[in-house]
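What the coordinates show
The lines below spell out each chain.
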Amino acid sequence: MTTAWIVMRNDLLRRWRSPLAAVVYLIFPFVFSGLIALAFGTGGKARVPRIQVALVDQDGGFVARFVSGAFAQEQVAQYFETSQVTEEEAVRLIEGNQVSGAIVIPEGFSDAVLEGRATHLRVVRNPAQSIGPVAVEEAASMIALLVGGAATVLSEPLAELRRTLDEGQSSEDHFPSDARVAGIAAQVNRSFRGAGRFAFPPVIRLAKGDAAADSTAADSDAGGRPQFLLIFSFVLPGMATFALLILSLGFMADVPRELSRGTLQRQLAAPVRASGVVFGKMFSCAIMGVIISAAMALVGALMLGVRADLAAFVLLCLAFVLASTGFLTFVFSIVRSEAQGATLASIVIMVMSFLGGSWFPIDSLPPFVEKLAYGTLNYWGIRGFRTLILTDAGVAEIAVPLLVLLVTGVVTSLVGSWAMHRRLMQGV
Amino acid sequence: MLSVEGLSRSFGSLQAVRDISFRVHPGEIYGLLGPNGAGKTTTISCICGLLRPSSGRIELHGTDLGSQPIAFKRRIGVVPQEIALYGDLSARENLSFWGRLAGLRGSALQRRVTAVLETVGLAERSREPCRKFSGGMKRRLNLAVGMVHEPQLLLLDEPTVGIDVQARINILDVVRDIARRGTAVLYTTHYLEEAQELCDRIGIMDKGKIFAEGDLEHLKGLVGEGQILTLRGGFAADALRPVVAADDTVRIVSLEDGAAMLDIPPHRGEVSSVLSRILGHGLSIDDISIQEPNLQSVFLKLTGRELRD
Ligand SMILES: Nc1ncnc2c1ncn2[C@@H]1O[C@H](COP(=O)(O)OP(=O)(O)OP(=O)(O)O)[C@@H](O)[C@H]1O
Ligand SMILES: [Mg+2]
């Protein structure tokens, strides 16, 4: 154990001296999640099944029609399929798991927007689904932003439009006069030029709720959080598991790297057991994994407001890091060179990440792939982390993924250290 | 005392080391002299426990490597042929790490680290990352790592390859000094001058075998008092051979078109009579050199090959 301790300290000291790699491991899950959230939120080209949305129009006004019209737009229709229903029907659809969520346009919505008063769009999430509801919220928030922004910029011409509409309703002919339209157009033009850099104060807030919870809650605590961050924190566990695997790759690749530089041989020529050296390498890898997890958790908590049960989170991190370290130790015990190891490990990690849902939600892949996912570390990690982040779960709720990872971790670590020991004793 | 008995090691069908035996006494510098691929590094790797011998026995003061590897390795220090250091760490950090692995702790470790830094002349640059060091400085640090824990046996595998004269002198001085204090040193090299200058005893190694062993005088005695005559010129090998063969005291060491090496007995006038006979046959010679017996000629005589840097 003393040997393992000495080797581990030395490895960490070396990392500390050239910290760039560690920083990359820390940053890239965030960058990737951000990119994905951006691509998803603004209509990237990803081919995903269309998301079913129930649209409840309790307003029936001009702006409400604009909202439902927005969903019919080609770019949006690519991702969403809407059905206009009543609120009761919407609840039924959600309970039947036929839609991912509902967007409720409350009564008086158009009036409020036209008059520049604050109002809200309500989103009801289907709690049985994972990414769909997030996407619905994202879409609703985009619409809210658009409508709100337009309302701010166009407040003057809107007021004019409103007068025109009111008058049109009261008079015989429903069309405003040409002079009025020309006047409105001129005002719109002026407003846009005056809007400068689109600094819209949000006029419309988004009110969210799960169907199971009180769906009339006007402002849930996450309501003020930009929806971008919701997708972000949804995608983050996938990226984080991928990053931790890559980190283990980077650390265990140190074995062939040190073999080619002769430093590992020199360690083995010292009066120590080879197992001590192997465990030292695995410890340093695991500790770095824990440090990176902690850093990611900290960033997640401080920047994204993600909350999770601390004990459960720590346990899950440890289990995942153990599994990932053991697994890559094994991979690097069966290769002859750093290049060979890096190639093999990258392929294995890519496949696991793909199947395990690090990049796509696995419910968007064919069902037989879902079965394969059980064989990946990513799947169990993501399942655990997502449960912790998106719900108020504790250790009990993540018992299954936690146990799977722990058992896998113990087994792969034992097998990995044994195989690595054998590899080093075979002569170097 | 290091005792190696009947050591062999194969890699597949290649026999890298074939049944070699030798001893190194405390305070002695034993040189393994051989060309590339002779099996020097393989021998060292077996002694430091990195390679399991195919057969043979290795003991240090009665401690058997096979049965007590940790106790054995505690008493040895290794300086590998390739520089094996952590470039991101400073000289001091490298030494502390390797010292700790060798069992040193606390103030004893710090004392030893400081001492070896002084010995190899790196005390002033001990806090820089050693990747910034020159080749010679790295070699010196590589050496320091092998002796930080004051081993009873120091294994040095070509420790002066590719460095300038100054650094080489420093390293040889350090090795001499450590032997003077009672450490047994096994030193491999393919530099004749180095072996001649430094080693108390030399084993001549080629193709996995030790052909001869002893101090310089003993080895020179093996070639007799003979001289090596080297000829270069516009002659054909087939033309020269019968001329030389006529005199059965002259031995052909090597012969090809335009170049010949002859082993001439030390009788008075022998060299000039051989030369005049060759010239008398109308063979054209451009260059002649005569060598007194030295390791080069010993090596040539024993292995039939020239030892080159
Ligand atoms: N790990 C290995 N696997 C296969 N063959 C090896 C291995 N190590 C050494 N050899 C072979 O064993 C022979 C002896 O090699 P060794 O490295 O001991 O020579 P050396 O005397 O140290 O040479 P040099 O002066 O070039 O360092 C060579 O033919 C080499 O190719
Ligand atoms: Mg060698």
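What follows concerns the overall build of chain B. Each helix and strand counted, chain B has 11 helices and 14 strands in total. Within chain B, buried positions represent 54% of all 309 residues. Sequence separation of 24 or more characterises 68% of the internal contacts of chain B that already satisfy a separation of 6 or more. For chain B, the exposed surface amounts to about 13400 Å²; the carbon and sulfur share of it is 47%.

Each helix and strand in chain A was counted, giving 18 helices and 5 strands. For chain A, buried positions account for 50% of its 428 residues. For chain A, the proportion of contacts with a sequence separation of at least 24, taken over those separated by at least 6, is 78%. For chain A, the computed accessible surface area is about 20100 Å², with 64% contributed by carbon and sulfur atoms.

Right, let's talk about the sheet that holds strand β2 (residues 14-24) of chain B for a bit. Residues and elements named next belong to chain B. Read across the open sheet, the 4 strands follow the order β2-β1-β4-β5; overall the sheet is antiparallel. Of all the strands in the sheet, just β2 and β5 (63-64) have a single pairing partner and so form its edges. Alignment of strand β1 (residues 2-11) against β2, held across 7 bridges, turns out to be antiparallel. Its bridge partner being in β2, Leu2 is matched across the sheet by Val24. On top of the sheet, helix α1 (residues 40-47) reaches β1, β2 and β4 (55-60); it is set at about 115 degrees to β1, its chief contact.

The next thing to look at is the packing of helix α14 (residues 310-333) of chain A against helix α17 (residues 377-390) of chain A. All names here are of chain A. Across the interface, α14 lies against α17 with an axial gap of 10 Å and an inter-helix angle of 170 degrees. Comparing the axis directions of α14 and α17 gives the class roughly antiparallel. Judged by residue contacts, Ala312, Phe313, Leu316, Cys317, Phe320, Ala323, Ser324 and Phe327 of α14 engage Leu377, Asn378, Gly381, Gly384, Phe385 and Leu388 from α17. Per-class residue counts for the contact of α14 with α17 are 10 nonpolar, 4 polar and no charged.

Taken together, the 26 residues of chain B in the interface contact 26 residues of chain A. With both sides pooled, the region where chain B packs onto chain A buries about 2300 Å², and carbon together with sulfur makes up 62% of that total. One can count 1 salt bridge joining chain B with chain A. Note that B:Glu93 is salt-bridged to A:Arg17, the shortest N-O span being 2.6 Å. Along the contact surface separating chain B from chain A lie 9 residue pairs in polar contact (both at pLDDT 80 or more). If you list the elements that add at least two residues to the side of chain B that touches chain A, you get α2 (69-74), β6 (76-79), α3 (91-101) and α5 (135-147) of chain B. Tallied by class, residues from the side of chain B that touches chain A come to 17 nonpolar, 2 polar and 7 charged.

Turning next to the sheet that holds β6(B). Residue and element names in this part refer to chain B. Strand order in the open sheet formed by 6 strands is β6-β7-β8-β3-β9-β10, and the pairing between neighbours is mixed. Two strands in the sheet have a free side with no partner beyond their single neighbour: β6 and β10 (209-214). Neighbouring strand axes in the sheet, compared pairwise and without regard to direction, differ in orientation by 15 degrees on average. Pairing analysis gives 4 bridges linking β6 to strand β7 (residues 153-157), with the strands arranged parallel. Residue pairing in the sheet places Val79 in a bridge with Leu156 of β7. Together, β6 and β7 form the strand contacts of α5, whose direction differs from that of β6 by roughly 165 degrees. Taken strand by strand, helix α11 (residues 295-303) contacts β3 (29-33), β9 (201-206) and β10, and its axis lies near 40 degrees from that of β9.

It is worth spelling out the coordination of the magnesium ion (ligand 2) at this point. Each pair of donors in an ideal four-coordinate tetrahedral metal site encloses 109.5 degrees, whereas pairs in an ideal six-coordinate octahedral site enclose 90 or 180 degrees. Residue and element names in this part refer to chain B. Looking at the magnesium ion (ligand 2), one finds its protein donor set to be Thr41 (OG1) and Gln81 (OE1), positioned 1.8 to 2.1 Å from the metal centre. Of the two residues, Thr41 is situated in helix α1 and Gln81 in the loop between β6 and α3; the sequence distance between them amounts to 40 residues. We classify Thr41 as partly exposed; its relative accessible area is 32%.

All names here are of chain B. The environment of ligand 1 is formed by 13 residues, the closest being Gly37, Lys40, Thr41, Thr42 and Glu158. Take Gln81: an N or O atom from its side chain is 2.8 Å from an oxygen atom of ligand 1. Taking 630 Å² as the accessible area of ligand 1 by itself, protein coverage stands at 63%. Sorting the residues of the shell around ligand 1 by element identifies β2 and α1 as the ones contributing at least two each. Looking at side-chain class alone, the shell around ligand 1 contains 5 nonpolar, 6 polar and 2 charged residues.

Our next topic: the pairing of strand β11 (residues 227-233) of chain B. Residues and elements named next belong to chain B. Counting buried positions along β11 yields 6 of 7 residues, so the element is predominantly enclosed. Across 6 bridges, the pairing between β11 and strand β13 (residues 259-264) is antiparallel. Bridged to Leu231 within β13 is Ala260. Of the strand pairs in this sheet, β11 and strand β14 (residues 285-291) are connected by 6 bridges, and their pairing is antiparallel. Directly across from Leu231, in β14, lies its bridge partner Ile288.

How each quantity is defined
- Residues numbered from 1 in each chain as written.
- Chains lettered and ligands numbered in written order.
- Predicted model: local features only at pLDDT ≥ 70, side-chain atom pairs only at ≥ 80, totals over all residues.
- Heavy atoms only, no water.
- Helix = DSSP H or I, 4+ residues; strand = E, 2+ residues; numbered from the N terminus.
- Buried < 20%, exposed > 50% of the residue type's maximum accessible area, 1.4 Å probe, protein only.
- Contact = heavy atoms within 4.5 Å.
- Areas by Shrake-Rupley, 256 points an atom, 1.4 Å probe, with all protein chains shown as cover.
- Pairing = 2+ DSSP bridges.
- Axes fitted to C-alpha atoms, helices over the stretch in contact; angles between N-to-C directions.
- Parallel < 35°, antiparallel > 145°, perpendicular 65-115°, else oblique.
- Nonpolar A, V, L, I, M, F, W, Y, C, P; charged D, E, K, R; others polar.
- Buried area = accessible area lost by both parts, 1.4 Å probe.
- Salt bridge = Lys/Arg side-chain N within 4 Å of Asp/Glu carboxyl O.
- Polar contact = N/O pair within 3.5 Å; in protein donor to acceptor, adjacent residues only side chain to side chain.
- Donors = N, O, S within 2.8 Å, 3.2 Å for Na, K, Ca; no water.
- Near = heavy atom within 4 Å.

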